[in-house]
Amino acid sequence: MLSYFLRRLALVIPTFIGITVLIFALTRFVPGGPVERMLSSIQAQQGMSMSPSMSGQSNALSEEQLAELNAFYGLDKPVFEAYTDWLSKLIHLDFGLSTRYYEPVWDMIMERLPVSLFYGGVTFFLSYFISIPLGYYKALKHGSHFDSASSILIFIGYALPGYVVGVLLITLFSYQLEWFPMGGFVGDDFDDYDSLWLKMKDILWHACLPLICYLIGDFATLTMTMKNNMMETLSADYIRTAIAKGLPFPTAVRRHALRNSLIPVASHFGNSLLFFMTGSFLIEVIFNIDGIGLLGYESIMERDYPVVMGIVAINAVLLMLGNIISDICVALVDPRVKFGE
C-alpha cells in the first residue's frame, strides 16, 4: 500500500502542472484583461466627467503607453515564458501582485483564509458528526414516523439551493424579526470586546444563518447516503447469516453493517478538504462574508489573473491531497482494499 501512495504523491506534480498550464493559457486567451479593464474604467470616468458634447471624443492611450502597461502586468512575454516565470516564483510561495489592488496575492489569500477555514471547518465537522449518526438511526427506524418526518425535511432542504435559503433567512430573521445581523463575519464592536466569550458569541451570532445555508446541501446528501448504504448492508446475506448463527442484532449492526456502510462516505471524506478553501461565493455575496470564495469570484470578474491563478493553484493541491486522503480513509474502513497489491 505504501508504494501505491508514493506513486499517487508522485503523480501530484505532473497533474498540478497540467491544471495550471490549462488555467494559465485560458487567462491569456480569453478576451479582456487587466489592461482592457483599466482602460474601460478610465474611459468610464472620463465619460462621466466630460460634457455631453465631448463624450464622443476618444482619449485612448498611445501604443507606447499600452506597451508599458502590458510590460507592467507581465503580459508582454510569450505564454510559455510567462508561465515558467510564474511557476518558478510559485515554488517559493510568491504568487505575485494583484493587478487590481497591487497587493501581494499571498497576503490577500492569508487575510481571508481564517474566515473560509471557520465556515469550512464548522460545516465539515457538523455535517459529518450529525449526518452519520442520523443516517444510521434512520436506517434502523426505517418506516417509522421519525424516519418519514425527517426525510421530508431533508428532501426539502436538498431541493433548495443554499443561496435561496440564505435570501429567505435574511428576509425573515434579519429584516423582519431582526434576530440576526444582515451579514458580515463580525460586528462593528468586535475589537472593543475584552473577553474571548463575547468575541466568540459575536462570531457565532453572525455565523448562524450562513452556516445553515452551508450545511443544508451536504447535510441532506450525507444523511441519505448513510441511510441507504446502511439499509443495503443490513439486507446483505452475511448480516442475516451472522444473526441466524446467534449474533445479537445490535452487535451485528455495530460490528459489521456500520463499518461497511461507511465506505462510500469515506470515499468523499478527503474531497471535503477543498471546501475549507473555496466555500460558496453566492452565500458569501448574500451575507457579505469576505472569504476566499468571494475573492475568487471578484478576481474573475475583474480579470485579476494573479489572484485567480493563486487560488486555482492552492485548490488544485488541496483537491489532489483530498483524493489521496479519501483513498487512505477507504483503506482504513474496508479491509478488502489493498492498494498496490
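Values in this document were obtained by computation on a predicted structure and should not be read as measured data.

K.L.:
Tell me about the packing of aromatic side chains, and please be specific about residues and values.
P.N.:
Taken as a whole and assessed by the stated rule, the structure comprises 14 aromatic pairs. Seen in terms of ring centroids, phenylalanine 118 and phenylalanine 185 are 5.6 Å apart; in terms of plane orientation they differ by 80°. Their pairing is edge-to-face. Taken together, the residues span a long stretch of sequence, with phenylalanine 118 in helix H5 (residues 105-140) and phenylalanine 185 in the loop between helix H7 (162-176) and helix H8 (196-234) at a distance of 67 residues. Assessed through its relative accessible area of 21%, phenylalanine 185 is described here as partly exposed. Taken together, a centroid distance of 5.2 Å and an interplanar angle of 80° make the contact between phenylalanine 124 and phenylalanine 125 edge-to-face. Looking at phenylalanine 125, the relative accessible area reads 44%, which means it is partly exposed. Taken together, Phe118, Tyr119, Phe185 and Tyr214 form an aromatic cluster joined through their ring pairs. Seen from the ring of phenylalanine 190, lysine 199 lies directly overhead, with NZ or CZ sitting 5.5 Å from the centre.

K.L.:
Could you give an account of the nonpolar core, naming the residues involved and the relevant values?
P.N.:
In globular proteins that are soluble, nonpolar side chains generally tend to be buried together. Core analysis: the biggest nonpolar cluster contains 25 residues, and Trp86 and Ile109 have the highest contact counts within it. Of all the secondary structure elements, the ones that give two or more residues to this core are helix H1 (2-29), helix H4 (79-91), H5, helix H13 (292-301) and helix H14 (305-333). Core analysis: the second largest hydrophobic core is formed by 14 residues, Tyr119, Leu169, Ala207 and Ile283 among them.

The rules behind the values
- Residues numbered from 1 in each chain as written.
- Predicted model: local features only at pLDDT ≥ 70, side-chain atom pairs only at ≥ 80, totals over all residues.
- Heavy atoms only, no water.
- Phe/Tyr/Trp six-rings, centres within 6.5 Å; stacked < 30°, edge-to-face > 60°.
- Helix = DSSP H or I, 4+ residues; strand = E, 2+ residues; numbered from the N terminus.
- Buried < 20%, exposed > 50% of the residue type's maximum accessible area, 1.4 Å probe, protein only.
- Lys NZ or Arg CZ within 6 Å of the ring centre and 35° of its normal.
- Core = buried A, V, L, I, M, F, W, Y, C linked by side-chain atoms within 4.5 Å.

These figures capture arrangement, not role.
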